[in-house]
Amino acid sequence: MSSGSIEILIQYMNMVFLTFSVVLFSLFTIMGYLSARNSLHYRKKNSFNDLSKIMASPLAPSITIIAPAYNEGMTIVENVRSLLSLKYVNYEVMVVNDGSKDDTLEKLIAAFHLEKIEKQIDPNWRSKPIRGIYKSTQKSFGKLTVIDKENGGKSDALNTGMYLSENRYVGCIDVDCLLLPDALLHIVKSFSQRSKKKVIAVGGVIRVANSCTISGGTLEQINLPTNWLARFQLLEYTRSFLLGRMAWGRIDSLLIISGAFGFFDREVAIAAGGYDTNTVGEDMEIVFRMRRYMHDQKIPYTIEYIPDPLCWTEVPESLEVLVKQRDRWSRGNLETLKKHKEMFFNPKYGTLGLLSYPYWFFYEWLSPILEFFGFFSIIIFYFMGILNWEFFVAITAAIYAFSIMFSFYAILWDVYSYNQYNKTKDILILMFCAIIEPVAFHPIVVWSAIKGNYKKLFNIQSGWGAMTRKGFSKAA
Amino acid sequence: MSATTKKIEAKRAELAPVISNFLFHTPEGPKEEQKEYVELKITIRDYLKDKQFRRVVSEVLFDLQKDVSGSTRERLFKLYQELGLHEDAYKKLNSWQWHKIAKGILQLSKMNVKDAYHIIKRFVNDRRSVVRKQAELATVSLRTEGIEYVLDSTRFAISEWQQLKLIEVLGNKEGYRPPEFKDWLISSNKDVVLFALRLIKHYNQIGAEAAITTLVKHKNDTIKAAAVNCIIDFNFHSALPTMKRVFWKSNNDVKIAILNAFAEMGTPSDLFFLEDVSKNEKNFLVASKAQSAMNRIQPDAVLPSKDLIDVEEVPVVESSTKEDTELDFLSLLDIAVIYEEVLPAEQASIEFSEVEVYDVVTVTEETVESYYENHLNPEKGLDAANAHTMSTQEKMDIYIHMTQEERINLLLELKESSKPQDIKFLEFIAEKEDHSEIRYKAFRILQGLEKNENQHVNGGVDTPAVTETNETDYTVVDYDTIYKPEDSVFYPLFNYGDRTGKVVLVKEAGKIGTDKEVVFLNHLLETETDKVLLTAVKEALDRLQPKPSDTGKDESETVNLDSIRNLEVIVDVETLDEHNSEEKEEADQRLPLELLFLNESLEDENPNQEEEIEQLFSFEIAPEYFKDDYNKLVS
Amino acid sequence: MDSKSLILAEDDVMLASLLKYRLEKEGFSVTLCQDGKKVKEELEAQLPDLIVSDIMMPYFSGIELTDYLRNQLNSQIPIILISAASNDENVVSAFELGANDFISKPVSPSELLVRVKRELIRKR
């Protein structure tokens, strides 16, 4: 290779990085603006809303919370108890025991006095066989239904729940999530307050519950996690949920609803085909599919997003578990993007195809890969002695500064709007996290993404990374 | 909990006893208390000059208002105005910020400031949705006539949540007497109509039957669906014919709602309509809804509902790939037409399983059509009535969508000019029409026609007997010598039914019977005296026995439809039979589902019969049977 | 006359203090509990003459409280439940478990007072 062509190559690569960064800057600036507008609007609108009354109305729309459980014996009873104490009239808690190998089912039966009931099941249904349906003999647990089925994975469990539910809306949550008592009211309101568009799904913020004081299924005190890994994730979540999704929500192009806290119009979800059992990114995939379904049906629809802190969960505190989780996320991402590749720059899908999908493609999928290879090419260039130092330093500094700014913005916005961490020390810790995150935490995320992509590309079998829960009851 | 909420909580706790004192003060109490009260009053007046304090007090009162009722609540309202807090709320209405206006409206209405009604109602058509929604709620809440005002004047959409809230506000009114909401069913605002429907439902205003039925014909599908749902709630049977008429012009939601209505209120006379839907509807969900509606009307008409666990254990029945057995059975009958020769049934059913379902239907239609064209004396010519120029299938399709009046007129015309090619069509009417008068008319015309036909072919023999007029390999023998009436599966059942049950049985025998049933029916013809029953028996016999016109021509590629039908059934019925041979046991164990229609007439069954009945209904469909179709649909 | 002791379990501060004020004015001695857990602690210490409890409470619902009182403590202390959710299901299960009376939100303090007095008379 002549030095001339190398020169061209380098120039070309520089251009790619530059464009990427510029687009990134503008995109995130717009995002910041949109999310701020959306949040302000949301806050004003909800400042005088009397939620508590509708819940007593028998006319209130019915809703089922589906909580798939796999080997959750340690915490299941406490978690279900918490789910049963939500403030709403017309709801059902459906725990789907996905063939647990531990005593999950036995514990449930004992704690809630469950008894097998007879129910006719359409043989048409394609999920893994259902072993039994249980209801409590006690009226006080009348809202609880437990489904015992053979193991088929999270998607399969959720599909079964969706199918067996007879309510208008279904919520798919992780059983270990802590929902605030008002959660369902917010959800149902979001579903039914629109008159021009059909709301097909409602998503919400996931908050980090590590180190918080939880007692008897309620959040007593919010604390900043003591674990550094959890702190970084908290920062990440704040950025993504408070700014990212809020901004996408503003332009009605939200493409992901967290699997830990997502609510759907049951009929639409089933009509669109339910959860895909062949992907590890089922929570993202179902939103893609439901959106496409509605687009194809040409029914005006929307997806609502609630920024209020309604759902709290524990994030992994060990590096190993975190890498597994992120690896799975990136595989799910890739699978979903691949499955719906026709949407890429497809004007038929509006902003979804022209903006959302490309964003996910470039910045959620391609970006880590680009970063990874960029990093290595820089090392190679350095040893080859052809590294353009000025350009490298300039662009790195710019990206670094920008990412810190964006994180700061997210932190301050959180303080302003929800004020969850009100100790000055906590805010300072978070800001410190933001400063060191690009070097301390971000590489882990990139590495996991590369790992996931590699696995997917070379077809290496790997399922869900198991996460060992410490359990909320223990924290009490 | 954050610091601000804590501060507010603290302030509230501080204020709580003061407010309690105000609210529960009685002039009769001891002197000490009176003094305390007066002092408190003076202090609070002083404090109220502070804007911040006023805001907190008004918030506290506002919150308390939600939790108390009765006289305490009234006192609370009085206190609010006494302290002059409503003035602040009024001021908010003049703000340029929408959320302030909305807040003002909310406070005024919650604190029951009646005088605010006229000011607030001006915001009912405000452009800003939050202001508008609050104004609607306040208008309805403050005065009894508020709801009328909102329904009359709103130009905007009303969301479901808002409707619920408005209904809730109405529900909180003591001794409220709602107006007749049907008056708003003619509103030009779609959401007002929907809301009115909901209100009618909520207040159980059954007087709106006619108006709601008319709404089924509304051009907006959402309204249509809501009207249908309302009809289901109120059980308005009179709306069923209207729903049948609009069915094919509706979207899937409405179709499903209509089918739900039939599932709730339908009678066996609606089964044909549902069958038609399940056959001709392209959408899987709608078609399967039709089938489940059929099941609701006549349990076990289509799908046996079995516990999944049991089904899983059942060996795979390799019979067909279709989602619906009823449909499947019927199409098996139809497919048979295209076979060049009569296949042994076991073999045939295996062959059928490989045929693509929808292809089959198309082939069948064509085949049936050409069949009729070939066999029904086309040389007699077609007269002016366009009915004769169409295929039976086309006629049926048009007929379904006709009104009752049109149907009667058509039959009057046909009475004058009916031709043998109309027989099938007339049979269809005589059998499926809901309206008894029309059914009877069709039947009379048929009688006339068939009489002519029989005379023409059989040389005046008008007893419908089996005749050897063709060269098919279907050997006709005198069954009376082979079988006894007791041999028919219908025989034991017949003795336990009441009159209607018997009629149903006879009809079923006519539909699916074999030669054994012919003997059985002939036996009935001799022994029964009930006229209605006899008519049914005759009809059934007509159906069962190959008509001369059907067997008239002997083109080799066509096969007698009825004989195929019979053959198929023979096999299945014999599978049932306990004395059947080894060979037959190997045959497809599935029963023709038509047999299951019998269920209805078996309700008051003799215990001795239970075993047989159980056998009748003990068939299953393997889950794999549906799986493929479902997966195909999903992917 | 020694005053009757009462446990009032209600998580809303304002309403709780209002009801407490009203009941105390009538000569009852009222112990206020903000959640079900505190009620449980209180019950372990000493049994009151009557319990007024909100159904929807953090940790321990009024219905569970009734269950606990009747089946675990085997006590027949009158219980009056308060709830915003005046749906049949809740009422029925409350009564089935042995609640004595039920009053729905919004609460009329004077009505509550009448009911409290009636239950105390009945108890005698």
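How each quantity is defined
In every chain, residue numbers begin from 1 and rise along the written sequence. The naming scheme follows written order: chains are lettered A onward, ligands numbered 1 onward. Reporting of local features is limited, given that this is a predicted model, to residues whose pLDDT is at least 70; pairs of side-chain atoms are given and counted only at 80 or more, and all residues count toward the totals for whole chains, interfaces and linings. The basis for every side-chain value is the complete set of non-hydrogen atoms in the structure, without hydrogens or water. Segments assigned H or I by DSSP are reported as helices when at least four residues long, segments assigned E as strands when at least two residues long, and all are numbered from the N terminus. Burial here depends on accessible area, computed with a 1.4 Å probe over protein chains only, as a share of the maximum for the residue type. Under 20% is buried, over 50% is exposed, and the range in between is partly exposed. Residue-level accessible areas treat just the shown protein chains as cover; the underlying method is Shrake-Rupley with a 1.4 Å probe. Should a side-chain nitrogen of Lys or Arg be within 4 Å of a carboxyl oxygen of Asp or Glu, the pair is scored as a salt bridge. For every residue, the pLDDT score states the predictor's confidence, bounded by 0 at the bottom and 100 at the top. For helices, the fitted axis covers only the stretch in contact; all axes are lines through C-alpha atoms, and the angles between them, taken along N-to-C directions, range from 0 to 180 degrees. By definition, residues are in contact when any of their heavy atoms lie within 4.5 Å. Residue classes follow a fixed rule: Ala, Val, Leu, Ile, Met, Phe, Trp, Tyr, Cys and Pro count as nonpolar, while Asp, Glu, Lys and Arg count as charged, and any other residue, Gly among them, counts as polar. Each helix should span, by expectation, one fewer than its residue count multiplied by 1.5 Å. At least two bridges found by DSSP between two strands are what make those strands a pair. Oblique is the label for every angle not falling under 35 degrees (roughly parallel), over 145 degrees (roughly antiparallel), or within 65 to 115 degrees (roughly perpendicular). Aromatic pairing here means that ring centres of Phe, Tyr or Trp (its six-membered ring) are within 6.5 Å. Orientation follows from the plane angle: under 30 degrees is stacked, over 60 is edge-to-face, and everything else is tilted. The rule for a disulfide is simple: a pair of cysteine sulfur atoms within 2.5 Å. UniProt positions are given in the numbering used here, feature names are shortened, and annotations may be inferred rather than shown by experiment. Without a salt bridge and with relative accessible area above 30%, a residue can belong to a patch; like charges are then joined within 9 Å and nonpolar side chains (Val, Leu, Ile, Met, Phe, Trp, Tyr) within 5 Å.

Draft legend 1. The overall build of chain B, seen in detail. Each helix and strand in chain B was counted, giving 35 helices and zero strands. Expressed as a percentage of its 635 residues, the buried residues of chain B come to 51%. Summed over all atoms, the accessible surface of chain B reaches about 30900 Å², with 49% contributed by carbon and sulfur.

Draft legend 2. Representation of the overall build of chain C within the structure. The number of helices and strands found in chain C is five helices and five strands. Seen in sequence order, chain C has helices and strands lined up from the N terminus as β-α-β-α-β-α-β-α-β-α. Residues classed as buried in chain C amount to 56% of the 124 residues present. About 5300 Å² of surface is accessible on chain C, with carbon and sulfur atoms providing 46% of the total.

Draft legend 3. Quick look at the pattern of salt bridges. Tallying each qualifying case throughout the model produces 45 salt bridges over all chains. Between D327 of chain A and R331 of chain A there is a salt bridge; the shortest N-O distance is 2.9 Å. Residue D327 of chain A and its partner R331 of chain A are located together in helix α10 (residues 319-339), separated by four residues, close to a single helical turn. Note on R331 of chain A: relative accessible area 4%, which makes it buried. One salt bridge in this structure joins D233 of chain B and K201 of chain B, with 3.7 Å as the shortest N-O distance. One end of the pair, D233 of chain B, is in helix α13 (residues 221-234); the other, K201 of chain B, is in helix α11 (residues 190-202), and 32 residues separate them in sequence. With relative accessibility at 49%, the residue D233 of chain B sits in the partly exposed group.

Draft legend 4. Spotlight on the confidence of the model for chain C. Confidence in the prediction of chain C, expressed as mean pLDDT, is 84, and 93% of residues score 70 or more. Taken together, the chains of this predicted complex give a pTM of 0.61 and an interface ipTM of 0.83.

Draft legend 5. Quick peek at the packing of helix α8 (residues 129-142) of chain B against helix α9 (residues 146-153) of chain B. Residues and elements named next belong to chain B. One can describe the packing of α8 onto α9 by two numbers: an axis separation of 6 Å at closest approach and a directional angle of 140°. Seen from α8, the contacting residues are E136, T139 and V140; seen from α9, they are G146, I147, Y149 and V150. Looking at the contact of α8 with α9 residue by residue, the classes come out as four nonpolar, two polar and one charged.

Draft legend 6. Quick look at helix α9 (residues 282-297) of chain A. Residues and elements named next belong to chain A. Taking 1.5 Å per residue, 16 residues should reach 22 Å; α9 reaches 22 Å between its end C-alpha atoms and fits that length. When you tally the buried positions in α9, you get twelve out of 16 residues, the bulk of the element. Within the span of α9, buried status applies to E282, D283, M284, E285, I286, V287, F288, R289, M290, R291, R292 and M294. Within two residues after α9, K298 carries a phi angle of roughly 60°, on the positive side.

Draft legend 7. Looking closely at the environment of N14 of chain A. Along the chain, N14 of chain A turns up in helix α1 (residues 3-46). C-alpha separation for the pair N14 of chain A and I395 of chain A, spaced 381 residues apart in sequence, amounts to 9.6 Å.

Draft legend 8. Local environment of the sheet that holds strand β4 (residues 79-83) of chain C. Residues and elements named next belong to chain C. The parallel open sheet is built from five strands, whose spatial order is β2-β1-β3-β4-β5. Edge positions in the sheet fall to β2 (29-33) and β5 (101-104), since each has one partner strand and no second. Between one strand and the next, the sheet's axes are offset by a mean angle of 20°, whatever the strand orientation. Two strands pair when backbone bridges link them, and strand β3 (residues 50-54) and β4 are joined in this way by four bridges, in the parallel orientation. Bridge pairing in β4 links I51 to I79. Contacting β1 (5-9), β3, β4 and β5, helix α5 (residues 109-123) runs over the sheet at an angle of about 175° to β5.

Draft legend 9. The arrangement of the packing of helix α13 (residues 424-440) of chain A against helix α14 (residues 442-457) of chain A in detail. Residue and element names in this part refer to chain A. Running from N to C, α13 and α14 point in directions that differ by 40°, and their axes come no closer than 5 Å. Judged by the inter-axis angle, α13 sits oblique to α14. From α13, E437, P438, V439 and A440 reach across to α14, where they touch H442, P443 and I444. Its residues assigned to classes, the contact of α13 with α14 shows five nonpolar, one polar and one charged.

Draft legend 10. Just the packing of aromatic side chains, in detail. All names here are of chain B. Taken as a whole and assessed by the stated rule, the structure comprises 41 aromatic pairs over all chains. Look at F234 and F236: their rings are 5.3 Å apart centre to centre, the planes differ by 25°, and that puts the pair in the stacked class. In this pair, the class of F234 matches that of F236, namely buried. Seen from their ring centres, F262 and F273 are 4.9 Å apart, and the 40° between their planes marks the pair as tilted. Remark: F273 occurs in helix α16 (residues 271-280) and F262 occurs in helix α15 (residues 252-265); sequence separation between them is eleven residues.

Draft legend 11. Structural detail: the sheet that holds strand β11 (residues 261-265) of chain A. Residues and elements named next belong to chain A. The strand order across the open sheet built from ten strands is β3-β4-β5-β2-β1-β6-β11-β8-β12-β7, with neighbouring strands paired in mixed fashion. Among the strands making up the open sheet, the edge pair consists of β3 (114-117) and β7 (178-179). In this structure, β7 lies alongside strand β12 (residues 301-313), joined through two bridges in antiparallel fashion. The partner of L179 across the bridge, within β12, is C311.

Draft legend 12. The arrangement of the state of the cysteines in detail. All names here are of chain A. One pass over the structure, following the stated rule, counts zero disulfides over all chains. This cysteine, C177, is not joined by any disulfide, and C311 carries the nearest cysteine sulfur, 3.5 Å off. Looking at C177, the relative accessible area reads 2%, which means it is buried.

Draft legend 13. Structural context of the UniProt feature "modified residue: 4-aspartylphosphate" (unreviewed entry) in chain C. All names here are of chain C. If you check UniProt for "modified residue: 4-aspartylphosphate" (unreviewed entry), the listed places come out as D54 in our numbering. With respect to the secondary-structure elements, D54 resides in strand β3. For D54, the residues in contact, after removing those within four places along its chain, are A9, E10, D11, G62, I82, S83 and K105.

Draft legend 14. Focus on a nonpolar patch on the surface. Residue and element names in this part refer to chain A. A contiguous nonpolar surface patch, about 980 Å² in accessible area, is contributed by F375, F376, I379, I380, Y382, F383, M384, W389 and V393. Secondary-structure elements contributing two or more residues to the nonpolar patch are α11 (350-384) and α12 (389-417). For the nonpolar patch, the element with the highest residue contribution is α11, accounting for seven residues. Take Y382: it is sitting in helix α11.

Draft legend 15. Geometry of the pairing of strand β8 (residues 198-208) of chain A. All names here are of chain A. The buried count for β8 comes to ten of eleven residues, which makes it a mostly enclosed element. In the sheet, β8 pairs with β11 via three bridges, with the strands oriented antiparallel. Within β11, the residue paired with A201 across the bridge is F264.

Draft legend 16. View of helix α3 (residues 62-72) of chain C. All names here are of chain C. α3 sits mainly inside the fold: nine of its eleven residues count as buried. Along α3, the residues classified as buried are G62, I63, E64, L65, T66, D67, Y68, L69 and R70. Positive phi appears at N74, one or two residues downstream of α3, with a value of about 50°.

Draft legend 17. The environment of E74 of chain B, seen in detail. All names here are of chain B. Among the structural elements, E74 can be located in helix α4 (residues 70-82). You can call E74 partly exposed: its relative accessible area is 47%. Separated by 51 residues in the primary sequence, E74 and L23 place their C-alpha atoms 9.5 Å from one another.

Draft legend 18. Quick look at unusual backbone geometry. Omega for the peptide link from K105 of chain C to P106 of chain C comes to -5°, which places this bond in the cis form. As for its placement among the helices and strands, P106 of chain C is situated in the loop between β5 and α5. The backbone phi angle of N204 of chain B is positive, close to 55°, even though this residue is not glycine. The exposure class assigned to N204 of chain B is exposed, which follows from its relative accessible area of 52%.

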